[in-house]
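Here are the chains, one letter per residue:
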Amino acid sequence: MIVAPSMLVADFARLGEEVRALEEAGADWLHWDVMDGHFVPNLTHGALPLRACRDASSLTFNAHLMISEPLRYLDDFLQAGADIIAAHIEAKDDAREFLEAVADADRRPALAINPDTSAEQLQPLLPLCDMITVMGVHPGFSGQEFIENTVDKVAQVRSMIEDLGREVYIQVDGGVGTGNISRLVAAGADVVVSGSFVLQHPEGYATAIEQLRACG
Ligand code: DX5
Ligand code: ZN
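What counts, and where the lines are drawn
Residues numbered from 1 in each chain as written. Chains lettered and ligands numbered in written order. Predicted model: local features only at pLDDT ≥ 70, side-chain atom pairs only at ≥ 80, totals over all residues. Heavy atoms only, no water. 1 Å grid on protein atoms, 1.4 Å probe; cavity = no way out; pocket = protein on both sides within 12 Å on 5 of 7 lines; lining within 4 Å. Points joined across faces, edges and corners; volume = space filled by probe spheres on them. Helix = DSSP H or I, 4+ residues; strand = E, 2+ residues; numbered from the N terminus. Buried < 20%, exposed > 50% of the residue type's maximum accessible area, 1.4 Å probe, protein only. Core = buried A, V, L, I, M, F, W, Y, C linked by side-chain atoms within 4.5 Å. Contact = heavy atoms within 4.5 Å. Near = heavy atom within 4 Å. Polar contact = N/O pair within 3.5 Å; in protein donor to acceptor, adjacent residues only side chain to side chain. Areas by Shrake-Rupley, 256 points an atom, 1.4 Å probe, with all protein chains shown as cover. Sits in = over half its atoms within 2 Å of the grid points. Nonpolar A, V, L, I, M, F, W, Y, C, P; charged D, E, K, R; others polar.

Participant: Give me the lowdown on the layout of surface pockets, citing residues and values where you can.
Facilitator: Roughly 240 Å³ of internal volume is contained in the largest pocket. As for the largest pocket, its lining consists of 22 residues, and the residues nearest its centre are Phe141, Ser142, Asp173, Gly174 and Gly175. Counting only elements with at least two residues in the lining of the largest pocket, the list comes to strand S2 (29-35), strand S8 (191-194) and helix H7 (196-199).

Take a look at the structure:
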């Protein structure tokens, strides 16, 4: 299981230290939540913090683009050193074009899917994806309650991937913690994003990540 803490909950006044602390605590990837105030009702940042922190860590940088025009800004994230880059299937830009552009740049393309979007819509695009990000909450904010039928959607995506006969990660993002991780992993998830569970854990990042691994 790959654990990807979400930088959305990090202390932005000490971003480089946070990156190093998460790496030391056993994180596998770092998940960067990019929001444009249009695709989702919240604004965060563009590629700048990824670029600023790139030299502070050798971890995989996973950019989650919750923006209407992911193609328009893709170059910024490539130049910033993002390794695995997800756009939403619901975004305005063409998903196929986005996935092909990421692959052409020798990075790993991913597609994220909102709670209200059916998994069937992924079918024609799945051969172009290295990862599907199944949202466990409506994107926009950390600390929201997990939407339970996400578990069924993960199982559905897992069976689509098995039919495809090629390895594609399933990432679950939003509302993940020790209360639901075992069900998600049993359904076929192999990458878990965690914002509030890890970064607001009273016993610190390392304990939080150990607890997630113990349950997964
Ligand atoms: C939600 C973001 C998630 C979120 C995770 O829009 O994509 O990455 O920050 O935070 P938690 O784990 O607190 O739901
Ligand atoms: Zn995210």
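Having seen the structure, we can now continue with the description.
Participant: Provide a residue-level description of unusual backbone geometry, including the pertinent values.
Facilitator: Phi at aspartate 106 takes a positive value of approximately 60 degrees, unusual for a residue other than glycine. Its place among the elements puts aspartate 106 in the loop between helix H4 (95-104) and strand S5 (108-113). On the accessibility criterion, aspartate 106 (69% relative accessible area) is exposed.

Participant: Could you give an account of the nonpolar core, naming the residues involved and the relevant values?
Facilitator: By size, the foremost hydrophobic cluster in this structure holds 64 residues, and its most contacted members are Leu30, Trp32, Phe77, Ile85, Leu111, Ile132 and Val198. The dominant element in this core, judged by the number of residues it contributes, is helix H5 (residues 150-164), at five residues. Setting aside residues no more than four positions away along its own chain, leucine 111 makes contact with Ala87, His88, Ile89, Ala95, Leu99, Leu122, Leu125, Cys129, Met131, Ile132 and Thr133. Membership of the second largest hydrophobic core comes to nine residues, among which are Ile2, Ala4, Ile84 and Ala86.

Participant: Which residues make up the site of ligand 1, and what values do they have?
Facilitator: Neighbouring ligand 1 are 20 residues; Asp33, Gly140, Asp173, Gly195 and Ser196 lie closest to it. Here an oxygen atom of ligand 1 sits 2.7 Å away from a polar atom, N or O, in the main chain of glycine 140. Taking serine 196, its side chain carries an N or O atom lying 2.5 Å from an oxygen atom of ligand 1. If ligand 1 stood free it would expose 380 Å²; the protein chains cover 100% of that surface. Taking a 2 Å distance to the grid points as the criterion, the majority of the atoms of ligand 1 fall inside the largest pocket. Ranked by the residues each element gives to the shell around ligand 1, the list is headed by S2, at three residues. Class assignment of the residues belonging to the shell around ligand 1 gives a composition of seven nonpolar, 11 polar and two charged.

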